[in-house]
Amino acid sequence: MGSLTASSDPPVQPSLWPWRLQIAVHTPAHSALGDLLDYVAQEALPAGTLVRVPLGRNEVLGVVWGCQAVPECGPDVAQGIDASALKPIIAPLEGLTPLSAAWRDLIAFSARYYRHALGEVALSALPPQLRKLSAAQLQRRFNRSAHRSEKRRADRDPAPPPAAPAQPAAVRVQLSAQQADALERFEREDGPFLLFGATGSGKTEVYLRAVERLLERDAQAQALVMVPEINLTPQLEARFQERFGADAVVSQHSGMTDPQRLRSWLAAHSGQARIVLGTRLAVFASMPRLALIVVDEEHDPSYKQQDGARYSARDLAIWRARREGAKVLLGSATPSLESWHNSRPPSTLGALDPGGRYRRLPMPERVAEAAWPALRLIDMNQQPAHTLIAPALLQAIQACIGRGEQSMALLNRRGYAPVLACADCNWKSECPHCSAYRVFHKVDRTLRCHHCGYTERVPRACPQCGNPDIAPLGRGTERIEEHLAQLLAPLQRPGGGAVRIARIDADTTRRQGALQSQLASVHAGEVDVLIGTQMIAKGHDFRRITLVAALNLDGALYSSDFRASERLFALLMQAAGRAGRDAAWLAEQGSRAQMVIQTHHPQHRLFAALRAHDYPAFAQDQLEERRAAGMPPFTFQALLCAHARTQEAAQGFLQAVGDATQALPAAARVTRYPAVPMMIQRIANIERAQMLVESPSRAALQAWLAQCQPLLHALRRAPAGKGVIRWLIDVDPQAI
Ligand code: ADP
Ligand code: ZN
Ligand code: ZN
């Protein structure tokens with residue numbers, strides 16, 4: 001493995017290379033190399049400088065983390081490093097300001113907290129083209145970008161700075177009293193803040209004003225606005241650009257092309273872009289004048305990066321804001337229980353609980369007094385078995401269509417049916433590579449594994465017994481679409497013509513721009529009934545939807561994942577928020593918004609809270625349960641996961657690690673559970689196992705993880721690691 005280390009021949013004259021640098025580079029995962037590699041250079045380079053360095057046979061990008069003078073004569077004995085054996089760097093990237101100390105601290109914190117190599121975190125936080133392009137190519141890009149901003153400045157002078165509102169004052173809405181209150185407290189108090197605002201309460205307007213005031217106050221300040229999935233909220237991007245001008249706003253998300261990402265990264269890094277709008281990866285945006293971070297829909301699970309270098313962008317946003325002295329505003333109608341708990345008011349029963357460290361800013365009312373949709377539960381136990389759409393729901397949809405209103409039906413599965421089965425011999429459409437069923441997609445008559453992608457044409461007959469009568473079990477979006485089309489076929493729209501049904505899910509939106517055009521046709525009123533997965537429940541400001549139906553979401557009510565009901569509640573509240581958003585129009589129609597849920601458990605407490613639109617009641621209920629059971633946020637968790645050829649190897653490795661940790665000083669304050677198969681035990685022929693560790697103290701858990709990590713490295717190479725393909729640590733896991 002000698003080729004991986006930075007030191008090798010030919011030796012160089014120490015006097016030629018008087019500076020020693022510690023540089024973060026992306027070393028191969030789990031290589032035994034330390035976090036930083038040593039190089040030498042002719043001139044001193046400030047920390048944060050981007051450099052090209054040799055690594056093995058390659059030339060890679062690195063970030064300077066430290067720089068010292070090499071003692072004049074020979075090896076640096078004190079450091080135990082012989083500078084004459086180190087390789088020189090190739091060259092710094094010219095024309096780029098070094099990354100700030102605050103940025104480097106954020107990277108270092110993220111690496112430490114989530115137990116990843118510093119270089120991996122640092123390099124994956126930079127735009128891919130910085131790594132891929134040659135020095136000459138990059139130089140051209142930098143020049144072009146500098147030229148552009150120069151030109152912009154010249155064009156604009158002496159016009160107002162880019163932060164000036166582009167929107168004429170006349171168009172601006174009058175803030176509601178609760179919006180004004182929330183903003184006023186946000187300005188006056190210290191954060192972090194949790195804007196607890198119902199869907200449609202005008203949270204986005206509060207974000208816009210908070211950013212606007214900041215930019216007006218400080219001619220250089222920058223704001224970072226994070227959203228869970230940017231392609232689901234194109235309206236938000238438009239609203240920011242409209243308010244602040246297209247030049248002041250850049251986006252950062254993984255749906256952008258590499259050149260777009262580089263351009264927007266440079267604009268933020270140079271301070272020219274005043275607002276960065278992005279998904280979780282934007283939490284690492286280089287923003288030298290960062291003064292405000294907004295995290296919209298802060299409860300959304302997509303803030304947690306689930307592979308590679310895992311992190312929670314929401315939690316890092318809090319850390320980053322504190323480090324940089326920026327304000328941070330989390331917003332949600334259904335906050336995560338963590339943030340809810342962190343923003344609890346001080347206990348009124350004496351001095352027992354000083355309250356959380358976040359400030360809660362409530363906005364309970366929807367703007368324009370839009371009423372909440374009335375909730376109607378349909379008890380599926382009272383329906384014939386295998387009913388897909390109960391008659392009462394069908395009537396409600398028909399009535400909607402009759403009034404020229406839109407409705408939507410939400411379910412959690414795409415495809416036609418989750419399983420295809422033979423009633424004679426019990427064959428089921430299992431994936432040969434995963435411990436999961438392949439989903440039946442009728443559109444192209446395939447069986448597709450949603451975990452490994454393995455796809456086959458649907459067999460004509462049962463592959464096991466030859467029975468030609470294999471049947472779908474359960475339902476997905478395709479099947480509901482087909483079924484509704486049959487049920488609604490006899491119906492005419494008020495203006496004449498057949499009822500128009502559309503489906504939006506991961507299958508219909510694969511093509512670039514497909515989602516946007518589908519959403520646009522819903523907005524344009526070209527759709528009467530919209531069917532889809534949770535994609536359709538998020539954030540969209542649909543003006544003509546008055547009925548929201550939820551089908552088949554019961555699984556989450558009694559799931560083994562303790563966060564499932566929190567998620568379901570958030571999803572249903574969010575879905576409910578899609579109905580009746582235009583109060584004036586609704587009144588004109590003489591109609592009202594409704595939500596219909598088909599369930600086998602109508603008595604479940606979650607529905608009572610949903611009916612009352614009472615998130616605080618739901619949260620209190622959940623928090624009491626969590627406290628009693630010692631679950632987050634009252635305890636802190638991490639998962640050790642192992643992937644191996646066999647389940648025994650994966651579990652055996654984790655068990656060996658667990659046994660070895662017993663002697664660790666930090667072991668006393670953590671609880672370790674036995675290694676078990678993961679929920680989906682096998683994916684693409686790789687067996688997966690996990691071991692949960694938890695502690696009431698975050699610091700104790702962190703100490704334990706820090707001590708455990710060397711054991712993982714060591715045991716991986718020992719007999720206990722035989723057959724193990726990889727291991728990973730997931731701190732604050734989202735699913736267990
Ligand atoms: P949220 O983000 O809380 O769901 P939005 O900010 O999207 O809510 O606001 C919902 C709708 O109400 C939007 O169409 C928005 O333009 C409008 N709106 C927001 N604030 C006001 C206000 N003060 N007066 C009138 N309309 C408003
Ligand atoms: Zn069969
Ligand atoms: Zn599979």
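As a reminder, the structure under discussion sits directly above these lines.
Predicted, not measured: the structure shown is a model, and the values here were computed from it.

1. What to know about the coordination of the zinc ion (ligand 2)
Link 1 in the chain: Of the protein atoms, only C422 (SG), C425 (SG), C462 (SG) and C465 (SG) coordinate the zinc ion (ligand 2), at distances of 2.2 to 2.4 Å.
Link 2 in the chain: With 4 donor atoms in place around the zinc ion (ligand 2) and angles of 103 to 113 degrees between them, the coordination shape is tetrahedral.
Link 3 in the chain: Every donor residue of the zinc ion (ligand 2) comes from the same chain, spaced as C-x2-C-x36-C-x2-C.
Link 4 in the chain: The exposure class of C422 is buried, given its relative accessible area of 2%.
Link 5 in the chain: Among the residues examined, C425 registers a relative accessible area of 25% and is labelled partly exposed.

2. Some remarks on the packing of aromatic side chains
How two aromatic rings sit relative to each other is set out by the distance from centre to centre and by the angle between their planes.
Link 1 in the chain: Using the criterion set out here, one finds 13 aromatic pairs in the structure.
Link 2 in the chain: Both rings, one in F284 and one in Y311, keep their centres 5.0 Å apart while their planes meet at 75 degrees; by these two values the pair is edge-to-face. Placement of F284 in the loop between β9 (275-278) and β10 (290-296) and of Y311 in the loop between β10 and α9 (313-324) is noted, with a sequence separation of 27 residues between them. Grouping residues by exposure puts F284 and Y311 together as buried.

3. Regarding the sheet that holds strand β5 (residues 91-92)
In a beta sheet, neighbouring strands pair by backbone hydrogen bonds and run either parallel or antiparallel.
Link 1 in the chain: With antiparallel pairing, the 5 strands of this open sheet are ordered in space as β2-β1-β4-β3-β5. Of all the strands in the sheet, just β2 (37-41) and β5 have a single pairing partner and so form its edges.
Link 2 in the chain: Pairing of strand β3 (residues 50-55) with β5, which is carried by 2 bridges, proceeds in the antiparallel orientation. Residue pairing in the sheet places R52 in a bridge with A91 of β5.

4. Overview of the environment of A409
Link 1 in the chain: Turning to its location among the elements, A409 is positioned in strand β14 (residues 406-410).
Link 2 in the chain: A409 gets classed as buried once you look at its relative accessible area, which sits at 4%.
Link 3 in the chain: Spatially, the C-alpha atom of A409 lies 9.6 Å from that of I597, the residues being 188 residues apart in sequence.

5. Quick notes on the site of ligand 1
Link 1 in the chain: Around ligand 1, the structure places 18 residues, and the nearest of them are Q174, Q179, G200, K203 and T204.
Link 2 in the chain: One of the backbone N or O atoms of G202 is found 3.1 Å from an oxygen atom in ligand 1.
Link 3 in the chain: Here an oxygen atom of ligand 1 and a side-chain polar atom of T204 are 2.9 Å apart.
Link 4 in the chain: The protein chains hide 76% of the 560 Å² of surface that ligand 1 would expose on its own.
Link 5 in the chain: Here the shell around ligand 1 gets 3 residues from one element, more than from any other, and that element is helix α6 (residues 203-217).
Link 6 in the chain: Residues belonging to the shell around ligand 1 are distributed by class as follows: 4 nonpolar, 8 polar and 6 charged.

6. A look at helix α1 (residues 101-113)
Link 1 in the chain: For α1, which comprises 13 residues, the first-to-last C-alpha distance of 18 Å matches the rise-based estimate of 18 Å (1.5 Å per residue) to within 8%.
Link 2 in the chain: Burial in α1 covers these residues: A102, W103, R104, L106, I107, F109, S110, A111 and Y113.
Link 3 in the chain: The inward-facing, buried residues of α1 contact β4 (58-69), α2 (118-124), α9, α19 (698-717) and β28 (724-731).
Link 4 in the chain: Just beyond α1, the residue with positive phi is R115, at close to 60 degrees.

7. Some remarks on α9
Link 1 in the chain: Here α9 is 12 residues long and its end C-alpha atoms lie 16 Å apart, about the 16 Å a rise of 1.5 Å per residue gives.
Link 2 in the chain: Taking burial as the measure, the 12 residues of α9 include 9 buried ones, the bulk of the element.
Link 3 in the chain: Among all positions in α9, only A313, R314, L316, A317, I318, W319, R320, A321 and E324 are buried.
Link 4 in the chain: Next to the buried residues of α9 lie α1, β7 (222-226), β10, β11 (327-332) and α10 (337-342).
Link 5 in the chain: Within two residues after α9, G325 carries a phi angle of roughly 65 degrees, on the positive side.

Thresholds, definitions, all that
- Residues numbered from 1 in each chain as written.
- Chains lettered and ligands numbered in written order.
- Predicted model: local features only at pLDDT ≥ 70, side-chain atom pairs only at ≥ 80, totals over all residues.
- Heavy atoms only, no water.
- Donors = N, O, S within 2.8 Å, 3.2 Å for Na, K, Ca; no water.
- Tetrahedral: all angles 85-135°; square planar, octahedral: opposite > 155°, others 65-115°.
- Buried < 20%, exposed > 50% of the residue type's maximum accessible area, 1.4 Å probe, protein only.
- Phe/Tyr/Trp six-rings, centres within 6.5 Å; stacked < 30°, edge-to-face > 60°.
- Helix = DSSP H or I, 4+ residues; strand = E, 2+ residues; numbered from the N terminus.
- Pairing = 2+ DSSP bridges.
- Near = heavy atom within 4 Å.
- Polar contact = N/O pair within 3.5 Å; in protein donor to acceptor, adjacent residues only side chain to side chain.
- Areas by Shrake-Rupley, 256 points an atom, 1.4 Å probe, with all protein chains shown as cover.
- Nonpolar A, V, L, I, M, F, W, Y, C, P; charged D, E, K, R; others polar.
- Expected span 1.5 Å × (residues − 1).
- Contact = heavy atoms within 4.5 Å.

Shape is all these values report; function is a separate question.
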